[in-house]
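# Structural overview
Here is what each chain is made of, one letter per residue.
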Amino acid sequence: DQQVKQNSPSLSVQEGRISILNCDYTNSMFDYFLWYKKYPAEGPTFLISISSIKDKNEDGRFTVFLNKSAKHLSLHIVPSQPGDSAVYFCAASGAGSSNTGKLIFGQGTTLQVKP
Amino acid sequence: GAGVSQSPSNKVTEKGKDVELRCDPISGHTALYWYRQSLGQGLEFLIYFQGNSAPDKSGLPSDRFSAERTGGSVSTLTIQRTQQEDSAVYLCASSLVSPGLGYNEQFFGPGTRLTVL
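In what follows, the accompanying structure is described.

Definitions and limits used
- Residues numbered from 1 in each chain as written.
- Chains lettered and ligands numbered in written order.
- Predicted model: local features only at pLDDT ≥ 70, side-chain atom pairs only at ≥ 80, totals over all residues.
- Heavy atoms only, no water.
- Helix = DSSP H or I, 4+ residues; strand = E, 2+ residues; numbered from the N terminus.
- Buried < 20%, exposed > 50% of the residue type's maximum accessible area, 1.4 Å probe, protein only.
- Areas by Shrake-Rupley, 256 points an atom, 1.4 Å probe, with all protein chains shown as cover.
- Lys, Arg positive; Asp, Glu negative; His and termini not counted.
- Charge placed at Lys NZ, Arg CZ, Asp CG, Glu CD.
- Disulfide = S-S within 2.5 Å.
- Pairing = 2+ DSSP bridges.
- Axes fitted to C-alpha atoms, helices over the stretch in contact; angles between N-to-C directions.
- Contact = heavy atoms within 4.5 Å.
- Buried area = accessible area lost by both parts, 1.4 Å probe.
- Salt bridge = Lys/Arg side-chain N within 4 Å of Asp/Glu carboxyl O.
- Nonpolar A, V, L, I, M, F, W, Y, C, P; charged D, E, K, R; others polar.

### Some words on the overall build of chain B
Of the regular secondary structure elements, chain B holds zero helices and 10 strands. Moving toward the C terminus, one meets the helices and strands of chain B in the order β-β-β-β-β-β-β-β-β-β. Structurally, chain B occupies a C-alpha span of about 40 × 30 × 30 Å along its principal axes. A total of 117 residues make up chain B; the buried ones form 50% of that total. As displayed, chain B has an accessible area near 5,600 Å², and 47% of this comes from carbon and sulfur atoms. Considering chain B, the positive charge centre built from 10 side chains and the negative charge centre built from 11 side chains are found 4 Å apart.

The following block contains the structure:
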C-alpha cells in the first residue's frame, strides 16, 4: 500500500516560471512532511519541511503548502532555475515517542527546467 | 565537515552470492537508517538504529537481509544469497537526535548501486 504518492513522474518548465510538484498521502497520522531533492549519483538532500499543524512554509524560492483535509501537499518553486533540475521526493514522518523517524517516500518527480 | 559515506559505490555480484554494504554516518549522529531505491520507485525504509536500543527491522524484505551497527557508528548491511530483485541503490542516512522528539533532518550518503546478475 503506497502511503505517499507522487502521481506525476516528470515535469518540465521554462526558466523563470513556477514549478509545482504535487504529493498525496493516505495516513492521517503523519506529523511531518518533507521534500528532498536528488541529483544523479548523489544521495537525497533535504529541501524543506512542514509540520502538520501548519498549512504553509516558505524558504526563499521554495514554498510548501499542506492541505490536511485533502491529504495533499505541494512544493512551489518560484522562479525556477536550470539548477533546480533534479528528482524531487515527497516524504512523510510520524511523531511521538514510539516513532523511529523513518521516512515514507513517494516515487519521485523528475523536474526539468529549460533555459 | 564530512558527510555520510558509503562503500562500495557500485557492486556487481552473481545471484546466490552474499554482499556487504558499509555506511559511515556523520560523527555524533545517534540515529542511522538504511533505505533502498529500486528502479522507478521511491525510497523504501529497511532498518533503523538508535543508540543501544533494539533496531527497528520492520522494513527488511526477507530474512536474507540483516544489518548491524558497531560501536554506535559504522553500519553494515548484509544480503545473503542475493537475488536479481535485490538490485537497487542502497542508501544510508543519519540524524543527530532521537526522532521521537519530533522530526530531525536525515542526511543521506551517495548510496551503493547493487546489481545482481
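Now that the structure is up, let's keep going.
### So, the side chain of serine 95 of chain B
Tracing the backbone shows serine 95 of chain B in strand β8 (residues 88-95). By relative accessible area, serine 95 of chain B is classed as buried at 0%.

### Brief notes about the state of the cysteines
Applying the stated rule across the entire model yields two disulfides over all chains. The disulfide partner of cysteine 23 of chain A is cysteine 90 of chain A, and the S-S distance across this bridge is 2.0 Å. Judged by the sign of its S-S torsion, about -70°, the bond between cysteine 23 of chain A and cysteine 90 of chain A is left-handed. One end of the pair, cysteine 23 of chain A, is in strand β3 (residues 19-25); the other, cysteine 90 of chain A, is in strand β9 (residues 86-93), and 67 residues separate them in sequence. In terms of burial, cysteine 23 of chain A and cysteine 90 of chain A fall into one category: buried. Between the sulfur of cysteine 23 of chain B and that of cysteine 92 of chain B lies a disulfide, 1.9 Å long from S to S. Across the S-S bond linking cysteine 23 of chain B and cysteine 92 of chain B, the dihedral sits near -65°, which makes this disulfide left-handed. Remark: cysteine 92 of chain B occurs in strand β8 and cysteine 23 of chain B occurs in strand β3 (residues 19-24); sequence separation between them is 69 residues.

### What to know about the sheet that holds strand β6 (residues 65-69) of chain B
All names here are of chain B. A sheet is described by the order of its strands in space; here four strands give the open sequence β1-β3-β7-β6, paired in antiparallel fashion. Both outer strands of the open sheet, β1 (5-7) and β6, are each paired with one neighbouring strand and no more. Put simply, the sheet's adjacent strands are angled 15° from each other on average, direction ignored. Where β1 lies against β3, three bridges are found, and the strand directions are antiparallel.

### Observations regarding the interface of chain B and chain A
Chain B puts 21 residues into the contact, and the matching count from chain A is 20 residues. In total, chain B and chain A occlude about 1,700 Å² of area from one another, counting both sides; carbon and sulfur atoms represent 62% of this. Put simply, chain B and chain A have zero salt bridges between them. Within the residue set of the side of chain B that touches chain A, elements represented by two or more residues are β4 (31-37) and β5 (43-50) of chain B. A class-by-class count of the residues in the side of chain B that touches chain A yields 10 nonpolar, nine polar and two charged.

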